[in-house]
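Close look at the chain arrangement
Here are the chains, one letter per residue:
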Amino acid sequence: MNYAAKLTNLGVRCAACVQDVTQTSEPDLKFGTATVHFTGAPDFSPTRVLVPGPATLPAAAVQPRAGGAPDYSPFIRLGGSPVVYNAPIVATGDGPFDVTKHTNTGDRVLAIRPAAPAGPGQFTQATVDVLVVRGFDAGQPIIYISTEASDPLAAVLERSTYVPLFNQSSFVGGDDALGSGRERTFPFLNGQTGAGNPNAQGLIHLIKDGHATEDASLANTALLAALRNGGDARNIQGDSPTIADPRHALSYSPLWDAQLGQWTDKAIKAGLNKLQTDENQILNLAATRPDLLTGPGGAAYGSVGFVINCPVIGFTHKEPKEDLVELVPNAQG
Amino acid sequence: MVGAVTAVAALVATPLISTSASATGKSSYLLAQKKLILKSAEQVELHNSSVRLPLHRGKAGGKTVWYILTESSDVGLAAVSM
């Protein structure tokens, strides 16, 4: 697993953000895992809806497929232990599993393989194939998964479970501050668009070029082709566990606090709304050129409040080790 | 500072997927294991953009649920737990 010390803080001011679970095991178990008993679970049965608006965003209609029960949280603590784990529920029921319309699986579940029969002295493991997201950290392409979001539109775009409870997680704009369980992410609202455009980025790009209105499945080859060729939002993560400086590596949390950026008309007209891949470059822009980069609707740049649960999986080129530039004085570093 | 927004030339030229030849000579889209950050991931298949993860059976309200494990707040348990 990834180490995320900040998970320890998720119960700060939001006790329900961490689900206390129990565990049972069979008395004749020879080797394997015990059964975790959750107090709440997502309901994957609703239809996922995304209808773009006249200007793509705001959307004309949005409905996440999966809503967590009021007491659902993927962050669990086993009774008697202070350790917090990230354990997203990705399917419900005893099968068969619907990996096309996702009526009993998460929207990113592409395949489930039950554990093969195990003979004496053997152990076999069930597996799940999850659609990854392509983004960036410290200038390098990374991949991650997305499992929960606290905003309806984010949940639909991320193909994740809607958990509004996480808006109370500690705390909006907190990042590395005392008591924070969050790490920042830097999505863009209105980057460039166009399938195959190397500078394409952002939520509007995802909707226009990433088949965001469609269900993901192995049968939807057009969607898969679009995503492997740059159709994701191409968000930028704050700190990865791979960063050389422990101060940043240890800052990693899968609960990403969204810093939604909007390019100004001036930036767009000047052709400056190009692909961004590094948090410091974005933060420097926000601190020095508010005429080019703002929050949504021209608001001050920074946290917009919602979070997404995005465990990092790997990198596809070079290991993210350090940000591309130093922060300028007074940047939100 | 504006120049920073154009500092992506190398990435623009980098293909979003990489391929490697398998022992059979057929193309493989599996990400090299050394590029996995989440060590419990069995494989990442780049053509379909998927990661294969261990899936665990649990219960909620008496019904079966299936979950994955990705992070731990304890560094030692993160290293050894699957």
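What counts, and where the lines are drawn
- Here the residue numbers are simple positions, counted from 1 along each chain's written sequence.
- To read the labels, note that chains go from A and ligands from 1, taken in the order they are written.
- Local features are withheld for residues below a pLDDT of 70 in this predicted model, meaning they are given only at 70 or higher, and side-chain atom pairs are given and counted only at 80 or more; totals for whole chains, interfaces and linings count all residues.
- As a rule here, side-chain values cover all heavy atoms of the structure and leave hydrogens and water aside.
- Counting from the N terminus, the helices are the DSSP runs of H or I reaching at least four residues and the strands are the DSSP runs of E reaching at least two.
- Exposed residues in this analysis have more than 50% of their type's maximum accessible area, buried residues have under 20%, and partly exposed residues fall in between, with area computed by a 1.4 Å probe over protein chains only.
- Here a residue-residue contact requires only that any non-hydrogen atoms of the pair lie within 4.5 Å.
- Areas reported here follow the Shrake-Rupley algorithm with a probe of radius 1.4 Å; residue values treat only the protein chains shown as occluding.
- The set of buried Ala, Val, Leu, Ile, Met, Phe, Trp, Tyr and Cys residues whose side-chain atoms join them within 4.5 Å is what this entry labels a nonpolar core.
- The definition used for a disulfide is geometric: two cysteine sulfur atoms within 2.5 Å.
- On a range of 0 to 100, pLDDT expresses the predictor's confidence in each residue.
- Criterion used throughout: strands pair if DSSP finds at least two bridges between them.

On to the overall build of chain B, then. Within chain B, the regular secondary structure consists of 2 helices and 7 strands. Reading chain B from its N terminus to its C terminus gives the helix and strand order α-β-β-β-β-β-β-β-α. Residues classed as buried in chain B amount to 46% of the 82 residues present. Residue pairs in contact within chain B that sit at least 24 positions apart in sequence constitute 10% of those at least 6 positions apart. When the accessible surface of chain B is summed, it comes to about 3,900 Å², and 58% of that surface belongs to carbon and sulfur atoms.

What follows deals with the nonpolar core. Judged by nonpolar contacts, the single largest core of 45 residues is most densely connected at Phe 38 and Phe 166 of chain A. Not counting the four nearest positions on each side in its chain, Phe 166 of chain A is found in contact with Cys 17, Ser 73, Pro 74, Phe 75, Glu 148, Ser 150, Arg 182, Leu 255 and Val 307 of chain A. If you look at the next biggest cluster of nonpolar residues, it comprises 22 residues, including Val 90, Val 128 and Val 132 of chain A together with Leu 38 of chain B.

So, on to the environment of Leu 227 of chain A. All names here are of chain A. Its location among the elements puts Leu 227 in helix H3 (residues 221-231). For Leu 227, a relative accessible area of 3% gives the class buried. Put simply, Leu 227 and Ala 115 are 112 residues apart on the chain and 29 Å apart in space, counted from C-alpha to C-alpha. Excluding anything up to four places from it in sequence, Leu 227 contacts Leu 131, Arg 134, Gly 210 and Asp 232.

A few words on the state of the cysteines. Residue and element names in this part refer to chain A. Counted according to the given criterion, the structure contains 1 disulfide over all chains. Between the sulfur atoms of Cys 14 and its disulfide mate Cys 17 the distance is 2.1 Å. On the sign convention where negative is left-handed, the bridge of Cys 14 and Cys 17, at about 75° about the S-S bond, is right-handed. Cys 17 matches Cys 14 in its accessibility class, with the two residues each being buried. Left without a disulfide partner, Cys 310 is nearest to the cysteine sulfur of Cys 17, which lies 16 Å away. The buried category is assigned to Cys 310, whose relative accessible area is 0%.

Across chain B, pLDDT averages 76, with 65% of residues at or above 70. On the interface metric, ipTM, the complex scores 0.97, and its pTM is 0.93.

All names here are of chain A. Neither face of strand S19 (residues 255-258) is exposed, since Leu 255 and Asp 257 on one face and Trp 256 and Ala 258 on the opposite face are all buried. Where strand S17 (residues 183-185) lies against S19, 3 bridges are found, and the strand directions are parallel. By the bridge assignment, Thr 185 is partnered in S19 with Ala 258. As paired strands, S19 and strand S22 (residues 307-309) are joined by 3 bridges and run antiparallel to one another. Its bridge partner lying in S22, Asp 257 is registered against Val 307.

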